[in-house]
Amino acid sequence: MRCAGHAGVLTSWHQQHKLCAAERAGHVVSLSTVELLRRVPLFRGLPESQTTLLAEAVEKRKFKRAELVLVAGERLGSLVIILSGQVRVLMIEDDGKQAVVATLGPWECVGEMTILDGESQSATVIADTPVDALLLSQDAFLYCIQSSSHLAMALLNSLVGRLRRANLKIASLAYVSVYGRVAQYLVDTATQSPTGDLLLAKKLSQVEMSQTLGASREMISQALKTFENQSFLQRTVSGKLKVNPIVLKDRPDLLPGVTLDLSRCGHPTASHYAPGP
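Note that the structure is a prediction, hence the values are computed from the model and not measured.

Regarding the overall build of the protein
- Of the regular secondary structure elements, the protein holds ten helices and twelve strands.
- Per-residue burial for the protein yields a buried fraction of 43% across its 277 residues.
- When contacts within the protein are restricted to residue pairs at least 6 apart in sequence, long-range pairs at least 24 apart make up 74% of them.
- Per element, the accessible surface of the protein, about 15100 Å² overall, is 55% carbon and sulfur.

Now the structure itself:
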């Protein structure tokens, strides 16, 4: 009875989660451009006059799943503001190999570096899901930076944050094993349920994990099997995968020298992970 009730709670929670996601997407589209800009951390606190100016300079765009948002080597000349959906920032080698630099979601921006330094786009951005976005022209963005110390500081903080994550990435290259990166990825990808469990809402893709973590699919597969055998990764009665970090307290030998950051639960960011062999 308890198991059946637990499964019922999880099923109800997942249905409600999907419904809320759909409602949020519809709500975002129905907001005015000024209201949308006020929700973007980069533009919060701007005077009404500047927010209105920006609203007049943006263009609403929709991107289909797998559609290119930005292409490396090109100059879009606009800041892309994501309203709903998710995009991946990729580095693509001449031989077709890909490395995921970052994953970005609602209220995050991409393309500001190209606007600031005038260089071509350094990475390709592709829509992982259907995406609603705003495109802000280069001239309007630069004008607001020059006339608003608030926006200039917000942009500076954003870029400093990226630099810090890059430093963590470089450090992880030397110190964090593939197992450590896979374990942190699982924690970051999981969503906490009302019962406190860390559940993986979507099926794990070893191809995506390989691109994000900079490890071979063979190593990813080996790590996942080890985690299942040691109960760090478990399957619930409803068939969902559950991450069980408490196991590491009893088995520190699984990830020697690695401390998982549970504060990032539900917020996977590719720049946290180090590329490796």
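Brief notes about empty space enclosed by the protein
- One pass over the full model with this rule turns up two cavities of 30 Å³ or more.
- In this structure, the largest cavity encloses a volume near 50 Å³.
- In terms of lining, the largest cavity is formed by Tyr185, Thr189, Lys202, Lys203, Leu204, Ser205, Glu208 and Met209.
- Of all the secondary structure elements, the ones that give two or more residues to the lining of the largest cavity are α7 (178-189) and α8 (206-213).
- For the lining of the largest cavity, the class distribution of residues is three nonpolar, two polar and three charged.
- By volume, the second largest cavity is sized at about 40 Å³.
- Around the second largest cavity, the lining residues are Leu70, Leu76, Gly77, Ser78, Gly111, Thr114, Ile115 and Gln121.
- When grouped by side-chain class, the residues that make up the lining of the second largest cavity number three nonpolar, five polar and no charged.

With respect to the sheet that holds strand β5 (residues 98-104)
- With antiparallel pairing, four strands are arranged side by side in an open sheet as β2-β7-β4-β5. One side of each edge strand has no neighbouring strand; the edge strands of this open sheet are β2 (68-70) and β5. Along the sheet, successive strands turn relative to each other by an average axial angle of 35°, direction set aside.
- Relative to strand β7 (residues 124-127), β2 runs antiparallel, the two being bridged by two bridges. Paired with Leu70 across the two strands is Val125, which belongs to β7.

Focus on the side chain of Ser78
- Note that Ser78 resides in strand β3 (residues 78-84).
- Discounting chain neighbours no more than four positions away, the residues touching Ser78 are Gly111, Ile115, Leu135, Leu136, Ser137 and Gln138.

Describing the pattern of salt bridges
- Evaluation of the coordinates by the stated rule reveals three salt bridges.
- One salt bridge in this structure joins Glu48 and Arg38, with 2.4 Å as the shortest N-O distance. With Glu48 in helix α3 (residues 48-57) and Arg38 in helix α2 (residues 33-38), this residue pair connects regions lying ten residues apart in the sequence.
- Judged by its relative accessible area of 47%, Glu48 is partly exposed.
- With a relative accessible area of 41%, Arg38 lands in the partly exposed category.

Considerations on unusual backbone geometry
- With a phi angle near 75°, Ala66 is a residue other than glycine that sits in the positive phi range.
- Among the residues examined, Ala66 registers a relative accessible area of 48% and is labelled partly exposed.
- Residue Trp107 is not a glycine yet carries a positive backbone phi of 75°.

Notes on the side chain of Ser148
- Note on placement: Ser148 falls in the loop between α5 (138-147) and α6 (149-175).
- Classification of Ser148 as buried rests on a relative accessible area of 5%.
- Apart from the residues lying within four places of it in its own chain, the contact partners of Ser148 are Leu46 and Gln50.

Rules of the game
Residues numbered from 1 in each chain as written. Predicted model: local features only at pLDDT ≥ 70, side-chain atom pairs only at ≥ 80, totals over all residues. Heavy atoms only, no water. Helix = DSSP H or I, 4+ residues; strand = E, 2+ residues; numbered from the N terminus. Buried < 20%, exposed > 50% of the residue type's maximum accessible area, 1.4 Å probe, protein only. Contact = heavy atoms within 4.5 Å. Areas by Shrake-Rupley, 256 points an atom, 1.4 Å probe, with all protein chains shown as cover. 1 Å grid on protein atoms, 1.4 Å probe; cavity = no way out; pocket = protein on both sides within 12 Å on 5 of 7 lines; lining within 4 Å. Points joined across faces, edges and corners; volume = space filled by probe spheres on them. Nonpolar A, V, L, I, M, F, W, Y, C, P; charged D, E, K, R; others polar. Pairing = 2+ DSSP bridges. Axes fitted to C-alpha atoms, helices over the stretch in contact; angles between N-to-C directions. Salt bridge = Lys/Arg side-chain N within 4 Å of Asp/Glu carboxyl O.

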